[in-house]
Amino acid sequence: AIGQPFVAHEYPAELVRNGRREQCYFRFNLAPIRDGTGTAIGLMATAVEVTEQVRARQSLERSEARFRRIFDSSMVGFAFHRLGGPLFDANEYFLKLLGLSLDDIRAQKIGWNDVIVDDRIDPLAEASRRLRETGTSMPIELRMKRRDGTDLAVLAASTRIVPGEDEVVSFVLDISERKRFEQQLEHLRAT
């Protein structure tokens, strides 16, 4: 109507294919055809079907939303880092366990050596070796320190997100209550 080009990137259209109705998507480019005086005398339209691309993007968005929901609401701490590098992302549960914020982690470049207070070098070295060689570490029990100086017992394991690359996700489960219960049982057995 105004003689300007128009582009619709994901225009929905219902088509009948193989006897079934199907929601499809098209990228339309509409441009006026002008005569020698510049008056619009027609319209040139091109359409490219982008249904598969739209479905792939929608599937990825759903997958990311599911992952984000698990990540944010989990009772397991998740922390992301590069092999040997500082943490760069973590879920709320992990941050709450340590009394930190995401800004703290990023600004202070906090790494595992800053939060692990366990002095058992062998299990840590073995977990790091396995992570580098196989892409995943076996779960190990560790002691981690909170911002307030107290510490907690955790079960931790790590895995490379993409095999052969250095981005890692580590999983941390608070087992402090279980450890306290075990200590109480041991104390009762000893008396």
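Our structure is the block above this text.
All of the points below concern the structure found in this document. (Residues numbered from 1 in each chain as written. Predicted model: local features only at pLDDT ≥ 70, side-chain atom pairs only at ≥ 80, totals over all residues. Heavy atoms only, no water.)

Counting 22 residues, the largest nonpolar core has F94, L98, I105, W112, V115, M144 and V172 as its most contacted members. Residue assignment for this core shows that the elements contributing at least two residues are β5 (87-90), α2 (92-98), α4 (112-115), β6 (140-145) and β7 (151-160). Looking at this core, the element that brings in the most residues is α2, giving 5 residues. Ignoring sequence-local partners within four residues, the contact set of F94 consists of G77, F78, A79, L87, I105, W112, M144 and V172. (Core = buried A, V, L, I, M, F, W, Y, C linked by side-chain atoms within 4.5 Å. Buried < 20%, exposed > 50% of the residue type's maximum accessible area, 1.4 Å probe, protein only. Helix = DSSP H or I, 4+ residues; strand = E, 2+ residues; numbered from the N terminus. Contact = heavy atoms within 4.5 Å.)

Moving on, we come to the pattern of salt bridges. Summed over the entire model, instances satisfying the criterion amount to 19 salt bridges. For D151, the salt bridge is made with R143, and the minimal N-O distance between the two is 2.6 Å. What makes D151 partly exposed here is its relative accessible area of 34%. Among the ionic pairs, R178 bridges to E182, the shortest N-O distance being 3.1 Å. With R178 and E182 both in helix α6 (residues 176-190) and 4 residues apart, this pair spans about one turn of that helix. Overall, R178 belongs to the partly exposed group, its relative accessible area being 38%. Within this structure, R17, E22, E49, E52 and R55 form a network of salt bridges that share partners. (Salt bridge = Lys/Arg side-chain N within 4 Å of Asp/Glu carboxyl O.)

Pairing between the strands of a sheet comes from backbone hydrogen bonds, and it takes one of two forms, parallel or antiparallel. Read across the sheet, 5 strands follow the order β5-β4-β8-β7-β6 without closing on themselves; strand pairing throughout is antiparallel. Since the sheet does not close on itself, it has two edges, and those belong to β5 and β6, each with one partner. Along the sheet, successive strands turn relative to each other by an average axial angle of 35°, direction set aside. This element, helix α1 (residues 51-73), spans β4 (77-82) and β5 of the sheet and lies at about 110° to β4. Strands in contact with α6 are β6, β7 and β8 (167-174); relative to β7, the strand with the most contacts, it is inclined by about 130°. (Pairing = 2+ DSSP bridges. Axes fitted to C-alpha atoms, helices over the stretch in contact; angles between N-to-C directions.)

We now examine a nonpolar patch on the surface. Side chains of I33, I41 and M44 sit close together on the surface and give an oily, nonpolar patch of about 300 Å² of accessible area. Mapped onto the elements of the fold, I33 is located in strand β2 (residues 20-34). (Patch = residues over 30% accessible without salt bridge, like charges linked within 9 Å, V, L, I, M, F, W, Y side chains within 5 Å. Areas by Shrake-Rupley, 256 points an atom, 1.4 Å probe, with all protein chains shown as cover.)

Structurally, the position occupied by T37 is in the loop between β2 and β3 (40-49). You can call T37 exposed: its relative accessible area is 67%. At 2.6 Å, the side chain of T37 forms a polar contact with the side chain of D35. Among the polar contacts made by the side chain of T37, one reaches the side chain of T39 at a distance of 3.0 Å. (Polar contact = N/O pair within 3.5 Å; in protein donor to acceptor, adjacent residues only side chain to side chain.)

Strand direction decides the pairing type here: strand β1 (residues 6-17) and β2, joined by 10 bridges, are antiparallel. In the strand pairing of β2, A13 is matched with C24. Counting the residues in the hairpin turn of β1 and β2 gives 2 residues, including N18, whose phi is positive at 50°.

For α1, built from 23 residues, the straight-helix expectation of 33 Å at 1.5 Å per residue is met to within 8% by its first-to-last C-alpha distance of 33 Å. Those residues of α1 that fall on the buried side of the exposure criterion are T51, V54 and F71. Check the buried side of α1 and you find it contacts β1, β2, β3, β4 and β5. (Expected span 1.5 Å × (residues − 1).)

The residue H81 is located in strand β4 in this model. Looking at H81, its side chain comes within polar contact range of the side chain of S170, at 2.8 Å.

Just distances and angles here, no functional claims.
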